[in-house]
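Chain and residue survey
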Amino acid sequence: MAGFEPGSLPDLLPLYYRRLFPYGPYGRWLSYGGVVKNYFQRREFSFTLRDDVYVRYQSFNSPQELEKEMQKMNPYKIDVGAVYSHRPSQRNTVHMGAFHAQEKELVFDIDMTDYNDVRRCCSSAEICSKCWILMTIAIRVIDRALMEDFGVRHRLWVYSGRRGVHCWVCDDSVRKWSSAMRAATVEYLTLVKGGSETVKKVNLTDPIHPFISNSLSLVEPYFEEYALVGQDILGSSESWEKVVALVPEYILWLLLREFPKKHDSIQRWELLKKKMEKCKPCHAEWEIMLQYCFPRLDINVSRGVSHLLKSPFSVHPKTGRVSVPIDLRKLDQFDPFAVPTISCLCSELDMAHEEEDGEKENEAEPEPRRRTRDYKKTSLAPYVRVFEQFVEEMDKSRKGELLKRSDLQGDF
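Notes on the structure follow. (Residues numbered from 1 in each chain as written. Predicted model: local features only at pLDDT ≥ 70, side-chain atom pairs only at ≥ 80, totals over all residues. Heavy atoms only, no water.)

Observations concerning the overall build of the protein
Within the protein, the secondary structure is distributed over 14 helices and 8 strands. Seen along its three principal axes, the alpha-carbon backbone of the protein occupies a region of about 80 × 60 × 45 Å. Restricting to contacts in the protein with at least 6 residues of sequence separation, those with at least 24 account for 70%. In the form shown here, the protein has an accessible surface area of approximately 20,400 Å², with 49% of it arising from carbon and sulfur atoms. Across the protein, 59 positive and 60 negative side-chain charges occur, with their mean positions spaced 4 Å apart. (Helix = DSSP H or I, 4+ residues; strand = E, 2+ residues; numbered from the N terminus. Contact = heavy atoms within 4.5 Å. Areas by Shrake-Rupley, 256 points an atom, 1.4 Å probe, with all protein chains shown as cover. Lys, Arg positive; Asp, Glu negative; His and termini not counted. Charge placed at Lys NZ, Arg CZ, Asp CG, Glu CD.)

Structure below.
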């Protein structure tokens with residue numbers, strides 16, 4: 001895969017926006033079937049341009065107009081905001097107080113930096129395959145809850161391009177939720193509480209809520225690989241002291257005495273579990289698993305209806321990686337380091353065109369052929385297909401709802 005140099009971004013973005021960005025499905029996604037009048041026209045888009053020039057409250061008459069503007073401005077980053085009461089670009093012509101955010105997808109932002117206290121392999125913005133498991137767990141836990149506990153159907157999970165994942169919940173009813181409902185949802189999905197000064201961040205009480213037991217069944221299969229092997233949380237006295245600080249005091253001293261006799265984190269964890277069996281109804285074993293592995297959400301991103309979030313298919317200016325949709329059917333195989341960079345895509349496009357030119361030269365009379373969309377000639381294609389399937393599923397669902405309504409009204 002072609003390496004990425006941040007300084008090359010201005011040269012590569014024009015080609016990306018001209019030839020590779022999937023405008024078709026993107027416009028269909030944010031138009032939501034055109035059912036609500038002027039829905040797309042009242043959507044806010046924000047562009048971050050070169051030298052951190054930030055342009056907010058842009059709106060467009062159509063996806064085609066947005067496409068032209070993106071190709072003209074070549075933004076370093078695109079953010080998608082709310083659908084407002086009036087067109088955001090005309091907000092200054094509206095009576096004060098009349099311009100307000102009406103609806104938006106419920107969004108979640110999960111960032112690896114929020115897990116710095118429970119990962120030893122990396123810190124800050126760095127990620128590796130060992131700690132990426134945390135993102136896999138987060139998607140599994142939150143996605144199950146959205147589907148089964150909240151009855152949500154249309155969830156788009158997207159890699160941020162650097163160190164985290166985003167979720168866009170696109171159901172018609174959810175897009176209309178108030179800030180209070182969004183905040184309550186995040187509160188329901190939050191178990192790890194307290195800042196850097198808080199030692200014990202998860203406290204379970206009986207009876208255990210079904211959300212917690214369901215989440216534990218998803219966390220448990222990853223716990224050994226992530227915490228005991230990858231992070232080796234019981235590998236040395238320095239690291240195991242942090243873990244035993246989460247168990248009752250009378251068990252703590254037993255563990256500190258016996259841990260040195262064991263060979264590794266897995267053996268020490270088995271010992272901890274055995275000791276915990278004797279002090280029911282204590283849930284320290286589960287609390288440790290959740291503190292080390294449970295999703296950590298940014299409530300401010302989810303709560304605010306007018307909050308902006310980076311658009312799918314944006315290019316991350318630091319890594320050059322494209323913010324691509326994640327196929328949940330292949331979640332365990334998703335590798336952030338295998339995601340195409342803009343450099344890689346532009347190279348693949350050049351190679352594809354060279355091959356096509358060579359084929360044309362070898363043909364006596366080239367037959368006119370249907371033009372293939374350029375992203376289909378590159379490693380971006382499978383990610384665009386995931387996005388297209390998501391949009392198609394929403395279209396099908398919308399048509400089904402309209403049909404059901406017309407049948408109920410007797411409008412055959």
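Quick notes on the pairing of strand β6 (residues 155-159)
Across a regular strand the side chains alternate sides, sitting on one face of the sheet and then on the other. With 5 of its 5 residues buried, β6 lies for the most part within the structure. Residues R155, W157 and Y159 point to one face of β6 and L156 and V158 to the other, with burial holding for every one of them. Across 5 bridges, β6 lies against strand β7 (residues 164-169) in antiparallel orientation. Bridging across to β7, Y159 finds its partner in V165. In textbook terms, the turn of a hairpin is the stretch between consecutive antiparallel strands, and for β6 and β7 this stretch comprises 4 residues, one of which, G161, has a positive phi near 100°. (Buried < 20%, exposed > 50% of the residue type's maximum accessible area, 1.4 Å probe, protein only. Pairing = 2+ DSSP bridges.)

A look at unusual backbone geometry
With an omega of -10°, the peptide bond running from D206 to P207 counts as cis. Take P207: it is sitting in the loop between α6 (179-188) and α7 (210-230).

Looking at the nonpolar core
Residues Y16, Y26, W29 and V247 are the most contacted members of the largest nonpolar core, which totals 121 residues. Ranked by the residues each element gives to this core, the list is headed by helix α4 (residues 129-149), at 12 residues. Residues within four places of V247 in sequence aside, it is in contact with L252, L255, L272, M276, A284 and I288. (Core = buried A, V, L, I, M, F, W, Y, C linked by side-chain atoms within 4.5 Å.)

Regarding the packing of aromatic side chains
Per the stated rule, a full pass over the model turns up 26 aromatic pairs. Seen in terms of ring centroids, Y84 and F99 are 4.5 Å apart; in terms of plane orientation they differ by 0°. Their pairing is stacked. Of this pair, Y84 sits in strand β3 (residues 77-84) while F99 sits in the loop between β3 and β4 (101-103), placing them 15 residues apart in sequence. The interplanar angle of 85° and the centroid separation of 5.2 Å between the aromatic rings of F150 and Y188 together place this pair among those described as edge-to-face. Of this pair, F150 sits in the loop between α4 and β6 while Y188 sits in helix α6, and the two are 38 residues apart along the sequence. Three or more aromatic residues link up through ring pairs in this structure, and these residues are Y16, Y17, F21, Y23, Y26, W29, W168, F313 and F387. (Phe/Tyr/Trp six-rings, centres within 6.5 Å; stacked < 30°, edge-to-face > 60°.)

So, helix α11 (residues 284-293)
A large share of α11 lies buried, amounting to 9 of its 10 residues. Every buried residue of α11 is listed here: A284, E285, E287, I288, M289, L290, Q291, Y292 and C293. Of the surrounding secondary structure, the elements contacted by the buried residues of α11 are α4, α7, α8 (237-244) and α10 (265-277).

Things to note about the sheet that holds β6
Strand-to-strand pairing in sheets goes through backbone hydrogen bonds, with the strands running parallel or antiparallel. Ordered by their spatial adjacency, 3 strands build an open sheet running β5-β7-β6, and the pairing between neighbours is antiparallel. Looking along the sheet, the strands with just one partner apiece sit at the ends: β5 (106-111) and β6. Recorded for the sheet is a direction-independent mean angle of 15° between the axes of neighbouring strands. Pairing analysis gives 6 bridges linking β5 to β7, with the strands arranged antiparallel. (Axes fitted to C-alpha atoms, helices over the stretch in contact; angles between N-to-C directions.)

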